[in-house]
Amino acid sequence: MTTKKRERLDVIKDIIQTIKDNRQIKPTRLLYASNLSPQMFKEYINELISKKFIKLDIDGKDKKTFSLTKKGQDFLMEYKVIESFIENFGL
Amino acid sequence: MSLSSLVIEYKWMLEVFYALAITAICMLVVLKTDKFYKLSLHQGIRYFRNAFFFFGIAFVGRYVFGIFSDLALHSAFIVGFFFEYFLIMAGFFLLYSLIWKKIESPNETYLTSLFNAKIMIFHGMALVLALLDKTLQTYYFMFFSQMIIFAYASVLSYKNYRKNAKHDFPKFYFVATMIGFVAWTINFLAASYFEWHHGLLIDVGLMNIMFFLLFLYGVVKVTKK
């Protein structure tokens, strides 16, 4: 059986979708759910935070969780259109 | 009065209108695709957006500023040089949006898509081609580069059409790139063998408008879903 390598856009969508489904999620759980290597996971997360798709919340007990921003929610809503755009234009 | 003589009579007005229409189409495509790039961070969308940004600058520069520079500043050389440079860059960006996946690694990201290491090669080539044309007082370097770019883009868009037959737009994309190729070829023939025949140049202008309208149609159609 062969598996198709996930495109970058699919990885981003999977990460954001996982955060949305959980509302708030711990970094370790998100790493497992993303199915990425720790190094790749860090790169994607840093980019998503810097582009304001997700944010890292730290509570009083120093517990870290990721949550979705408005931009991240917009991305999920437009994902199908973006995917269709890429296929239609051969990008 | 024939269509050709009408066009000649009101040439500068038509040229400004033509440039503004194409620039408006390009800006609409840029605005729509910029929104999708910012959401997706997809490099292909980014390069596609850049192509239409450069097409827009080229046309507004050539026909709108060009008209005033002809009248006031006599700087046709500079206007012509930058028109060619931006137009060649637009062609490069359009082609690169179709092949970037074969050249860049999946996680390669750049701070800017206008001046990164790979795109600098295109800037260099566009500058050299535009400079050669202006120095030798020809248009052949621009014509040949665009004919090659659009021929290659036609082949790639045809492959995409065959691959994505379930979608509507790939066939229009293929038609648009073919129109682009034919328009550049007629432009070359008009310059080389027909002394810039007005009828042929009108055909080229109409084909250019069709080319841009097809892309606008695709962008609007796909993004309104």
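Residues numbered from 1 in each chain as written. Chains lettered and ligands numbered in written order. Predicted model: local features only at pLDDT ≥ 70, side-chain atom pairs only at ≥ 80, totals over all residues.

### Observations regarding the overall build of chain A
Part 1 of the argument: Counting secondary structure elements, chain A contains four helices and three strands.
Part 2 of the argument: Traced from its N-terminal end to its C-terminal end, chain A shows the element sequence α-β-α-α-β-β-α.
Part 3 of the argument: Reported as C-alpha extents along the three principal axes, the dimensions of chain A are approximately 50 × 35 × 20 Å.
Part 4 of the argument: The burial tally for chain A puts 22% of its 91 residues in the buried class.
Part 5 of the argument: Sequence separation of at least 24 residues holds for 47% of the intrachain contacts in chain A that already meet a minimum separation of 6. (Helix = DSSP H or I, 4+ residues; strand = E, 2+ residues; numbered from the N terminus. Buried ≥ 20, exposed ≤ 12 C-beta atoms within 10 Å, placed from the backbone. Contact = placed C-beta atoms within 7 Å.)

### Let's talk about the packing of helix α1 (residues 8–22) of chain A against helix α4 (residues 70–88) of chain A
All names here are of chain A.
Part 1 of the argument: Contact geometry of α1 with α4 gives a least axis separation of 10 Å together with a crossing angle of 115 degrees. Classified by chirality, the crossing of α4 by α1 is left-handed. Contacts between α1 and α4 pair Lys13, Ile16, Gln17 and Lys20 from the former with Gly72, Phe75, Leu76 and Tyr79 from the latter.
Part 2 of the argument: Along the lines of polarity and charge, the residues of the contact of α1 with α4 split into four nonpolar, two polar and two charged. (Axes fitted to C-alpha atoms, helices over the stretch in contact; angles between N-to-C directions. Left-handed = near helix turned anticlockwise from the far one by under 90°. Nonpolar A, V, L, I, M, F, W, Y, C, P; charged D, E, K, R; others polar.)

### Some points on the sheet that holds strand β1 (residues 24–25) of chain A
Picture the strands of a sheet paired through backbone hydrogen bonds; they go either parallel or antiparallel.
Residues and elements named next belong to chain A.
Part 1 of the argument: Reading across the sheet, the three strands line up as β1-β3-β2 and stay open at both edges, with antiparallel pairing between neighbours. Edge positions in the sheet fall to β1 and β2 (54–58), since each has one partner strand and no second.
Part 2 of the argument: Sheet topology places β1 next to strand β3 (residues 64–68); two bridges connect them, and they run antiparallel. Of the residues in β3, the one forming a bridge with Gln24 is Ser67. (Pairing = 2+ DSSP bridges.)

### Examining α4 of chain A
Residue and element names in this part refer to chain A.
Part 1 of the argument: Here α4 spans 27 Å end to end across 19 residues, near enough to the 27 Å set by a 1.5 Å rise per residue.
Part 2 of the argument: The axis of α4 is deflected most strongly, by about 55 degrees, at Glu78.
Part 3 of the argument: Those residues of α4 that fall on the buried side of the exposure criterion are Gly72, Phe75, Ile82, Phe85 and Asn88.
Part 4 of the argument: Of the residues flanking the end of α4, it is Gly90, one or two places downstream, whose phi is positive at about 65 degrees. (Expected span 1.5 Å × (residues − 1). Bend = angle between axes of the 7 residues up to and from the residue.)

### Digging into the interface of chain A and chain B
For an interface, size is often stated in terms of accessible area lost upon the parts coming together.
Part 1 of the argument: Listed per partner, the contact involves 17 residues of chain A and 24 residues of chain B.
Part 2 of the argument: Elements represented by at least two residues in the side of chain A that touches chain B include exactly α1 and α4 of chain A.
Part 3 of the argument: For the side of chain A that touches chain B, the element with the highest residue contribution is α4 of chain A, accounting for ten residues.
Part 4 of the argument: When its residues are assigned to classes, the side of chain A that touches chain B shows eight nonpolar, three polar and six charged.

### Quick look at the confidence of the model for chain B
Part 1 of the argument: For chain B, per-residue confidence averages 89 on the pLDDT scale, and residues scoring 70 or more make up 92% of the total.
Part 2 of the argument: Among the prediction metrics, the complex's ipTM stands at 0.84, with pTM recorded as 0.84. (pLDDT = per-residue confidence, 0-100.)

### Some words on the nonpolar core
Residues and elements named next belong to chain B.
Part 1 of the argument: Core analysis: the biggest nonpolar cluster contains 73 residues, and Ala51, Phe54, Met89, Ala90 and Phe93 have the highest contact counts within it.
Part 2 of the argument: Top contributing element to this core by residue count: helix α4 (residues 76–103), with 15 residues.
Part 3 of the argument: Those residues within four positions of Ala90 in sequence are excluded, and the remaining contacts are Ala51, Phe54, Phe55 and Ala58. (Core = buried A, V, L, I, M, F, W, Y, C linked by C-beta atoms within 7 Å.)

### Considerations on helix α7 (residues 169–193) of chain B
Owing to its 3.6 residues per turn, the α-helix aligns residues three or four sequence positions apart on the same side.
Part 1 of the argument: Taking 1.5 Å as the rise per residue, α7 of chain B with 25 residues should run 36 Å; its terminal C-alpha atoms sit 36 Å apart, in good agreement.
Part 2 of the argument: By the burial criterion, the buried members of α7 of chain B are Phe169, Pro170, Tyr173, Phe174, Ala176, Thr177, Ile179, Gly180, Phe181, Ala183, Trp184 and Asn187 of chain B.
Part 3 of the argument: In this structure, the buried side of α7 of chain B is in contact with α4 of chain A together with α6 (140–163) and α8 (198–223) of chain B.
Part 4 of the argument: Just downstream of α7 of chain B lies Glu195 of chain B, where phi reads positive at about 45 degrees.

### Overview of the environment of Tyr217 of chain B
Part 1 of the argument: Within the secondary structure layout, Tyr217 of chain B lies in helix α8.
Part 2 of the argument: As for Tyr217 of chain B and Val204 of chain B, which are separated by 13 residues in sequence, their C-alpha atoms are 20 Å apart.

### Examining unusual backbone geometry
Part 1 of the argument: Notably, Asn35 of chain A is not glycine yet its phi reads approximately 60 degrees, a positive angle.
Part 2 of the argument: Checked against the element boundaries, Asn35 of chain A lands in the loop between α2 (27–34) and α3 (38–50).

### Quick look at the pairing of β3 of chain A
Residue and element names in this part refer to chain A.
Part 1 of the argument: Bridge count between β2 and β3: five bridges; the pairing is antiparallel. Residue pairing across strands places Ile58 opposite Lys64, the latter belonging to β3.
Part 2 of the argument: Connecting the antiparallel pair β2 and β3 is a turn made up of five residues, with Asp62 showing a positive phi of about 65 degrees.

### A closer look at the environment of Met125 of chain B
Part 1 of the argument: Take Met125 of chain B: it is sitting in helix α5 (residues 117–136).
Part 2 of the argument: Put simply, Met125 of chain B and Trp184 of chain B are 59 residues apart on the chain and 19 Å apart in space, counted from C-alpha to C-alpha.

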